[in-house]
Each structure stands twice: as structure tokens, then as C-alpha cells.
Amino acid sequence: MRALLGVVIAAACALLAVPGPARAARTLFTTDFRLEQCDFSDVGRNAYFSVQPGDQLCLTGEEGKETVEVKITALDDTREIAFETERGVQLDLTTRVVEEREWKDDELVEVSRNFFARCEQTGEVYYFGEEVDIYEGGQIVSHEGAWLAGENGAQPGLIMPATYLLGSRYFQEIAPDVALDRAEHTASGLEITVPAGTFTDCVEVTETSPLEPGHKSVKVYCPGVGLTVDDAVELAECEVQGE
């Protein structure tokens, strides 16, 4: 976490040197995470995010008139990733495949296989790409949103720090013209009640993307559980291995 804090502070100091009007026009999101300083693991958890095989979250809710179900599972599968960092350092690592399936009115609409790994020094979980299948009428019609670190200029993003700092901003995906999701820490110390129960000390993350101006997604993560609210869907049940 100290490495990430150093990057954020340095970038903030640089921003303060910009004249007022120009500074006001800019929004700072960290893109450089100094991954060369990490030894990566494809197992384990931090307080809010898991790459432990077998961990699973099931969320349900209503979007308009449609019933939505989302199932997120850390699979036994892994994916090898090789890429060169912005400082020219070659990294080769094993990532955990976390599968996300989404249904609307019991019809499968999307399956994504996301590639994550945890920095052993800090506990932060990084995002290295995803395979995407979009379904209509039971058939795959698109792979929109798929990306992989090291291909077409894409670099890893930070999916979840080990320590939640209110006001932190960072890119979760760095795939030009494809996926540029970014996160801002917008609330902490929350108590929420969802179908799975009542949770305390939860945190809020607001996601935006320059590829979708004006759109935002609000997520809530709770300690020891992970994603508990994702816009209209809420945690209905979870399975945490070893607990």
C-alpha cells in the first residue's frame, strides 16, 4: 500500500502545480501502480475482494421490469499473463479466473472470465483483463469489452486496494477505446441490510468511465464478504471457503 500511496501523493503534488482553472478541469485517477514491486499470488483475499478458489457471491435485484441475477465465482482455473510495464519491465504471472454470470428474467445475457492477482506485499488485488461473451436468445453475439494486459496498449488496473482511503481515485481497467473503468472511494463506515443479512463497516465505490460520459455505477463492499450492492442488485447469499 505504501507504493500506491507514494504514487497518489506524487501525482497530487504535481496537480497542485497546475494553475487553478486548469486544475479544476482535471480529474485525477491513478494509472501507475508500480507493479514491479509486487510478488503476485493467484489465491487469497483482502478485506473486500477475493481470489480464493471456491468463494462465491450471488446477487439479485430488479432493473426496471426485469429480474436480474449475478453469480460471481473464483474458479479453480488460472490464466498466465505476460506484459511489459510502462517502465519497460517484463512481468510474467499467474492470475485467478473469476467468472461472472448474469441473467435477466432467467435468460443468460453475459459471461465474463476476469483475471485477477493479489500483490503479496500490499494485499491489493489487480485486474489483468477479461474474456467476455454477450448472449441473446441463447447465442453468443458479441465479445464487447474483452481486453488483456499487454495487448493493444492495455495495462493492468487496480480492482481493490487492501486499505480503503476515502477520496482515492484509480483506474480499474486501462484498455484504450475498450475498457477504461475507474473508481472513486466515496463513503465509508456504512451499515447496510440486504437479503443476505446486515453488514457493518462497509465502503462505497463509485465507478465511471470516460468511454461512457455521465454514466456511473455505485457499489458497496463489506469486510470479509466483498461485493454486497452493485447498483440494483444486492447480495442474496455467499460462500467463503475456510470459514
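What you see is a predicted model, and the numbers here were worked out from it, not measured in a lab.

S.K.: Lay out the environment of Ala-154 in plain terms, naming residues and giving numbers.
M.R.: Mapped onto the secondary structure, Ala-154 falls in the loop between strand E8 (147–148) and strand E9 (155–160). Residues Ala-154 and Phe-128 lie 26 residues apart in sequence; the distance between their C-alpha atoms is 8.8 Å. Not counting residues within four places of it along the chain, the set of residues in contact with Ala-154 comprises Trp-147, Leu-148, Ala-149, Ile-174, Ala-175 and Pro-176.

S.K.: Account for the pairing of strand E12 (residues 182–194), naming residues and giving values.
M.R.: Here strand E10 (residues 169–171) runs beside E12; their pairing, made up of 3 bridges, is antiparallel. From the neighbouring strand, Tyr-170 faces E12, where its bridge partner is Ala-183. Pairing geometry for E12 and strand E13 (residues 197–208), over 9 bridges, is antiparallel. Across the sheet, Arg-182 pairs through a bridge with Thr-208, a residue of E13. Counted between consecutive antiparallel strands, the loop separating E12 from E13 contains 2 residues.

S.K.: Describe the packing of aromatic side chains, and please don't skip the residues or the numbers.
M.R.: Considering all chains together, one arrives at 8 aromatic pairs under this definition. Look at Phe-83 and Phe-128: their rings are 5.9 Å apart centre to centre, the planes differ by 50°, and that puts the pair in the tilted class. Taken together, the residues span a long stretch of sequence, with Phe-83 in strand E3 (residues 66–84) and Phe-128 in strand E6 (residues 125–136) at a distance of 45 residues. The burial state of Phe-83 is the same as that of Phe-128; both residues are buried. The ring of Phe-29 has Arg-169 sitting right over it, with the charged end atom 5.9 Å from the ring centre.

S.K.: An account of the state of the cysteines is needed here, citing residue identities and associated values.
M.R.: What we call a disulfide is simply a covalent bond connecting the sulfur atoms of a pair of cysteines. According to the stated counting rule, one finds 2 disulfides in the structure shown. Across a sulfur-sulfur distance of 2.2 Å, Cys-38 and Cys-119 are joined as a disulfide pair. Here the disulfide of Cys-38 and Cys-119 is left-handed, its torsion about the S-S bond being about -95°. Placement of the pair is Cys-38 in the loop between helix H2 (20–24) and strand E1 (40–41) and Cys-119 in strand E5 (residues 107–119), with a sequence separation of 81 residues.

S.K.: Provide a residue-level description of the confidence of the model for the protein, including the pertinent values.
M.R.: Summary statistics for the protein give a mean pLDDT of 90 and a share of 88% for residues scoring 70 or more. For residues 1–26, every residue scores under 50 in pLDDT, and the model assigns this stretch 23 contacts once sequence neighbours within four places are set aside.

S.K.: So what about empty space enclosed by the protein? Which residues, and what values?
M.R.: Unfilled space is identified by rolling a water-sized probe across the atoms. Throughout the structure, instances matching the rule amount to 1 cavity of 30 Å³ or more. What the largest cavity holds in volume is close to 110 Å³. Along its surface, the largest cavity is lined by Thr-31, Asp-32, Phe-33, Arg-34, Leu-35, Glu-36, Phe-83, Thr-85, Glu-86, Arg-87, Gln-155 and Pro-156. Residues of the lining of the largest cavity, tallied by class, amount to 4 nonpolar, 3 polar and 5 charged.

S.K.: Provide a residue-level description of the side chain of Asn-46, including the pertinent values.
M.R.: Looking at where Asn-46 falls in the secondary structure, it is placed in the loop between E1 and strand E2 (56–63). At a separation of 3.0 Å, a polar atom in the side chain of Asn-46 contacts the main-chain carbonyl oxygen of Gly-123. Reaching out from Asn-46, the side chain makes a polar contact with the backbone oxygen of Pro-161 at a distance of 3.4 Å. What Asn-46 contacts, discounting residues up to four positions off in sequence, is Gly-123, Glu-124, Val-125, Met-160, Pro-161 and Ala-162.

S.K.: Go over the pattern of salt bridges, please, and point to the residues and values.
M.R.: Counted under the stated rule, the structure contains 11 salt bridges. The shortest N-O distance in the salt bridge between Asp-77 and Arg-113 comes to 3.5 Å. Residue Asp-77 is found in strand E3, and its partner Arg-113 is found in strand E5; the two are separated by 36 residues along the sequence. Given a relative accessible area of 25%, Arg-113 falls into the partly exposed group. For Glu-184, the salt bridge goes to Arg-169, with nearest N and O atoms at 3.3 Å. With Glu-184 in strand E12 and Arg-169 in strand E10, this pair connects stretches of sequence that are 15 residues apart.

Reading the values: the criteria
- Residues numbered from 1 in each chain as written.
- Predicted model: local features only at pLDDT ≥ 70, side-chain atom pairs only at ≥ 80, totals over all residues.
- Heavy atoms only, no water.
- Helix = DSSP H or I, 4+ residues; strand = E, 2+ residues; numbered from the N terminus.
- Contact = heavy atoms within 4.5 Å.
- Pairing = 2+ DSSP bridges.
- Phe/Tyr/Trp six-rings, centres within 6.5 Å; stacked < 30°, edge-to-face > 60°.
- Buried < 20%, exposed > 50% of the residue type's maximum accessible area, 1.4 Å probe, protein only.
- Lys NZ or Arg CZ within 6 Å of the ring centre and 35° of its normal.
- Disulfide = S-S within 2.5 Å.
- pLDDT = per-residue confidence, 0-100.
- 1 Å grid on protein atoms, 1.4 Å probe; cavity = no way out; pocket = protein on both sides within 12 Å on 5 of 7 lines; lining within 4 Å.
- Points joined across faces, edges and corners; volume = space filled by probe spheres on them.
- Nonpolar A, V, L, I, M, F, W, Y, C, P; charged D, E, K, R; others polar.
- Polar contact = N/O pair within 3.5 Å; in protein donor to acceptor, adjacent residues only side chain to side chain.
- Salt bridge = Lys/Arg side-chain N within 4 Å of Asp/Glu carboxyl O.

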